Amino acid sequence: LILQEMNFTEIQVVTNWAIIYSAGLFLSSLTRYPMGIVADRLTRKQTLTLSVLFIGSAIIAIWFTQNILILALAFAVMRTGNHLPPLLTRGYVNETDKSKQGKLNGYVSFIANFGGFVGPVLFTYFLELSLLDLILLSTIILLILYIFFLITLPAKKTANKIPLKVYVNVSLRELFHFKKVIILFVIIGIVNGIINYLQVPYALY
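### Digging into the nonpolar core
Phase 1 of the analysis: Core analysis: the biggest nonpolar cluster contains 11 residues, these being L3, M6, V13, I20, A58, I62, I68, L71, A72, A74 and F75.
Phase 2 of the analysis: Residues contacting F75, with those up to four places away along its chain left out, are W17, I20, Y21, G24 and L25.
Phase 3 of the analysis: In terms of nonpolar packing, the next biggest core, distinct from the first, is built from 10 residues, L48, V52, L88 and L142 among them.

This is how it looks when you write it as structure tokens:
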């Protein structure tokens, strides 16, 4: 929708979105690990606030620019902000009854995927909202959810007081103990990449 507002042709929309998506996906993938450290170091409410700041700044950048590279950077910033809510959720689930953690994680994943399907259908097909309306509605929903969770989020049971340098060094060493898991996820990522390439038109670019 953003690229269409710039009066690009269909092929220009596809090729430029390919650039935005690819650059944004690559850059945001590099921030997953740092965001995990951030989620461990900060309180839940601080982490939520940081997430909203990332997403909000990305929305502003998207609205006020027509530069493809800035759009790609904004997309990466938005995805970086989106790393944090799932980390908050998993941290909370990990503090609950261990016999119910699988069910809770499954429930959260279902709700997120269901919302990701229903939202675009309702807002773009049934209501036929314009780009500006979608941005305003997204911003309002973001702020309402932020205020709601700011009020209701439970505090962490334990605080991480390990010095950051020590924490990072220990975390990096721990990665080598998960070689089989890492290899498995790399294989899964390759398969998902091939599937996306076959299914999504802009992947050809």
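Continuing now.
### Some remarks on the packing of aromatic side chains
Phase 1 of the analysis: Overall, the coordinates contain 5 aromatic pairs when judged by the stated rule.
Phase 2 of the analysis: Note on Y21 and F75: the rings are 5.7 Å apart at their centroids and 40° apart in plane angle, and the pair reads as tilted. Taken together, the residues span a long stretch of sequence, with Y21 in helix 2 (residues 10-30) and F75 in helix 5 (residues 68-93) at a distance of 54 residues.
Phase 3 of the analysis: You can call F75 buried: its relative accessible area is 16%.
Phase 4 of the analysis: Ring geometry for F148 and F149: centres 5.2 Å apart, planes at 70°, overall edge-to-face.

### Focus on helix 6 (residues 101-126)
Phase 1 of the analysis: Between its terminal C-alpha atoms helix 6 stretches 36 Å, which fits the 38 Å expected from 26 residues at 1.5 Å a residue.
Phase 2 of the analysis: Positive phi shows up at E128, right after helix 6, with a value of about 50°.

### Here's the deal with the packing of helix 5 against helix 6
Phase 1 of the analysis: The N-to-C vectors of helix 5 and helix 6 enclose an angle of 160°; their axes lie 10 Å apart at closest approach. Of the possible angle classes, the one that applies to helix 5 and helix 6 is roughly antiparallel. Helix-helix and strand crossings are classified by hand; for helix 5 and helix 6 the assignment is right-handed. In contact with T89, R90 and V93 of helix 5, helix 6 contributes Q101, L104, N105 and V108.
Phase 2 of the analysis: Of the residues in the contact of helix 5 with helix 6, the class split is 3 nonpolar, 3 polar and 1 charged.

### Topic: helix 5
Phase 1 of the analysis: Taking 1.5 Å of rise per residue, 26 residues should cover 38 Å, and helix 5 covers 39 Å from first to last C-alpha, within 8% of that figure.
Phase 2 of the analysis: Among all positions in helix 5, only I68, L71, A72, A74, F75, A76, T80, G81, H83, L84, L88 and V93 are buried.
Phase 3 of the analysis: The elements touched by buried residues of helix 5 are helix 1 (2-5), helix 2, helix 3 (32-41), helix 4 (44-64) and helix 6.

### Notes on the environment of T139
Phase 1 of the analysis: Mapping T139 onto the fold places it in helix 7 (residues 131-152).
Phase 2 of the analysis: For the pair formed by T139 and V52, sequence separation is 87 residues and the distance between their alpha carbons is 9.9 Å.
Phase 3 of the analysis: Engagement of the side chain of T139 in a polar contact is seen with the backbone oxygen of I135, the distance being 2.8 Å.

About the criteria used
Residues numbered from 1 in each chain as written. Predicted model: local features only at pLDDT ≥ 70, side-chain atom pairs only at ≥ 80, totals over all residues. Heavy atoms only, no water. Core = buried A, V, L, I, M, F, W, Y, C linked by side-chain atoms within 4.5 Å. Buried < 20%, exposed > 50% of the residue type's maximum accessible area, 1.4 Å probe, protein only. Contact = heavy atoms within 4.5 Å. Phe/Tyr/Trp six-rings, centres within 6.5 Å; stacked < 30°, edge-to-face > 60°. Helix = DSSP H or I, 4+ residues; strand = E, 2+ residues; numbered from the N terminus. Expected span 1.5 Å × (residues − 1). Axes fitted to C-alpha atoms, helices over the stretch in contact; angles between N-to-C directions. Parallel < 35°, antiparallel > 145°, perpendicular 65-115°, else oblique. Left-handed = near helix turned anticlockwise from the far one by under 90°. Nonpolar A, V, L, I, M, F, W, Y, C, P; charged D, E, K, R; others polar. Polar contact = N/O pair within 3.5 Å; in protein donor to acceptor, adjacent residues only side chain to side chain.

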